[in-house]
Amino acid sequence: MSQVIEELAGVPLERLHEIAKREARRYVKSRPKTQKALKSGSASYLDGVPMHWMKDWPMPFPMLVQKAKAAQITDLDGHRIDDFCLGDTGSMFGHSPKPVSKAIRKQAKRGLTYMLPTEAALTAGALLTERFGDFAWQIATTATDANRFALRVARAVTGRTKVLVFNGCYHGTVDDAMVELRGGKTATREGLVGQVADLTQTAVCAEFNDLASVEAALKTGEVAAILTEPVMTNSCMVLPHDGFHAGLRKLANRYGALLIIDETHTISSGLGGYTRVHALEPDIFVVGKCVAGGMPTAVWGLAPKVAKSYLRYCAEKPSGHSGMGTTLSANPMQFACLTATLSDVMTAENYDHMERGAARLADGLADVIQRHRAPWHVVRVGARVEFICAKGPLNNGTEAAAAHIHEVEAVVHTALLNRGCLIAPFHNMILVSPVTTHDQIDRLIAAFDDVMSDLFAKGKS
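Quick summary incoming for the structure in this document.

What counts as what
Residues numbered from 1 in each chain as written. Predicted model: local features only at pLDDT ≥ 70, side-chain atom pairs only at ≥ 80, totals over all residues. Heavy atoms only, no water. Helix = DSSP H or I, 4+ residues; strand = E, 2+ residues; numbered from the N terminus. Buried < 20%, exposed > 50% of the residue type's maximum accessible area, 1.4 Å probe, protein only. Contact = heavy atoms within 4.5 Å. Disulfide = S-S within 2.5 Å. Salt bridge = Lys/Arg side-chain N within 4 Å of Asp/Glu carboxyl O. Pairing = 2+ DSSP bridges. Expected span 1.5 Å × (residues − 1).

### Observations concerning the side chain of Thr-297
Within the secondary structure, Thr-297 is located in the loop between strand E13 (284-287) and strand E14 (298-302). On the accessibility criterion, Thr-297 (2% relative accessible area) is buried. If sequence neighbours within four positions are ignored, Thr-297 has contacts with Ile-139, Ala-140, Thr-141, Gly-288, Lys-289, Val-291, Ala-292, Gln-334 and Leu-338.

Next up, the structure:
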């Protein structure tokens with residue numbers, strides 16, 4: 001009787017563990033300065049890092065960045081690394097684009113924040129409409145804030161309490177989005193810190209690409225808004241089925257709910273985001289991360305009809321705290337960077353370069369997977385590419401969760417970094433920027449091929 005070899009994503013476990021140990025040792029050995037600096041300087045931070053997710057990277061200890069330029073990072077030990085993470089979309093157009101750096105220097109001489117608009121604010125508003133469509137705009141600091149404010153508006157104008165989100169979704173740290181399907185029913189996500197409120201009182205969960213489950217939730221008359229990304233991201237990426245978005249729009253209209261499109265990650269889809277490229281019709285539009293070239297900024301916009309309803313609501317409500325807005329939002333530095341990005345960085349020419357590079361990358365990764373006969377697949381949305389350690393395509397959040405093979409992904413991430421390529425830590429997201437070169441793309445494909453040759457080596461166990 002032949003021996004059954006245990007596997008994960010087609011990789012024998014014994015081999016996976018052997019490679020994991022080897023790549024970890026290689027990473028540690030190559031970063032003595034980083035280890036020394038962390039040992040002497042990290043004690044002031046909770047658990048040794050300024051933000052808890054900085055320990056979620058799969059390498060043995062965090063990499064310390066010395067500088068970043070274009071699409072490359074240099075770490076404290078002098079390693080020059082091709083950056084395909086790009087701040088998890090925050091630096092999607094490259095690190096410190098020249099127009100944005102120039103705008104920062106110029107505005108810094110005029111002041112950083114003063115709680116009043118500038119002439120650049122007026123220019124930015126017009127550019128937002130030109131780029132994304134006819135919306136009445138507001139400025140936030142993060143997409144989490146923008147989504148939170150959008151939901152307040154939706155509840156205000158509809159008089160309803162609940163938001164519909166999709167199983168496995170990601171909308172920042174918005175409380176209402178922290179639900180999941182468990183046993184077919186909406187439940188508060190496991191793992192939330194200090195959670196005391198029952199989120200099922202304000203949110204309902206459906207499966208992405210399942211219009212029947214959406215309609216069942218909307219029929220209750222409790223749903224103020226559908227909050228969704230055009231493509232499910234921050235998981236194993238799930239593309240919408242043909243007709244899904246048209247169906248969402250029809251159902252929202254039929255049952256009196258608003259449709260909120262969060263483009264914080266899918267801004268990679270093309271000029272104007274997935275919404276503009278695919279002619280979607282949201283009631284509220286949200287985008288963050290890279291919209292100001294890396295300066296912490298998000299925007300949210302109301303379609304004209306919703307804007308009128310909201311202003312009417314505001315005119316009639318009692319005065320007092322709205323629960324919306326933060327003091328440092330809509331500061332002059334944001335407007336300077338927004339104007340520079342929208343006019344000189346977020347251009348058709350740059351998106352064309354990104355699209356071509358991402359297509360080259362996706363084709364190369366898919367070819368590697370096919371040659372090694374791995375049960376994996378590649379998915380792409382504009383400049384955003386992912387390899388997924390399972391067969392595809394994926395249809396919803398439940399399938400995406402099952403396809404997220406953390407132990408395999410962690411090995412691949414560290415191995416790629418040891419070969420000079422950085423991808424996003426939380427999943428296998430890879431971005432191509434306007435300053436990413438063909439040589440960098442080809443190096444990543446070659447590094448991926450090298451890692452896959454190890455994982456799927458014939459005759460080894």
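### Overview of the state of the cysteines
A full pass over the atoms with the stated rule returns zero disulfides. Left without a disulfide partner, Cys-389 is nearest to the cysteine sulfur of Cys-236, which lies 7.4 Å away. Under the relative-accessibility criterion, Cys-389 is labelled buried at 2%.

### Examining the pattern of salt bridges
Inspection of the entire model under this criterion finds 18 salt bridges. With its nearest N and O atoms 3.0 Å apart, the salt bridge here joins Asp-442 to Arg-360. In this pair, Asp-442 sits in helix H14 (residues 438-455) while Arg-360 sits in helix H11 (residues 348-371), placing the two residues 82 residues apart along the sequence. One salt bridge in this structure joins Glu-386 and Arg-384, with 3.8 Å as the shortest N-O distance. Owing to a relative accessible area of 0%, Arg-384 belongs among the buried residues under this scheme. Overlapping salt bridges, with partners in common, bring together Arg-22, Glu-23, Arg-419, Asp-450 and Asp-454 in one network.

### Quick word on the pairing of strand E10 (residues 203-206)
Of the two faces of E10, both are covered, the one formed by Ala-203 and Cys-205 as well as the one formed by Val-204 and Ala-206. Relative to E10, strand E7 (residues 162-166) is paired through four bridges, and the arrangement is parallel. Directly across from Val-165, in E10, lies its bridge partner Cys-205.

### Let's talk about the pairing of strand E16 (residues 384-388)
For E16, the tally of buried residues reaches five of five residues, placing the bulk of the element in the interior. Examined bridge by bridge, E16 and strand E18 (residues 429-431) share three bridges and lie antiparallel to one another. Looking across to E18, one finds that Val-385 is bridged to Ile-430.

### Considerations on the sheet that holds strand E4 (residues 72-75)
Strand order across the open sheet formed by four strands is E3-E4-E5-E17, with mixed pairing between neighbours. Across the chains shown, the open sheet's two edge strands, defined by having one partner strand only, are strand E3 (65-69) and strand E17 (421-422). By the bridge criterion, two bridges tie strand E5 (residues 80-83) to E17 in an arrangement that is parallel. Across the sheet, residue Asp-82 finds its bridge partner in E17, namely Cys-421.

### Considerations on helix H13 (residues 406-418)
Helix length check: H13 (13 residues) gives 18 Å between terminal C-alpha atoms against 18 Å at 1.5 Å per residue, within 8%. Within H13, burial applies to Val-408, Glu-409, Ala-410, Val-411, Val-412, His-413, Thr-414, Ala-415, Leu-416, Leu-417 and Asn-418. One or two steps after H13, the chain reaches Gly-420, where phi turns positive at roughly 90°.

Honestly, that's just the spatial picture; any functional story needs more than this.
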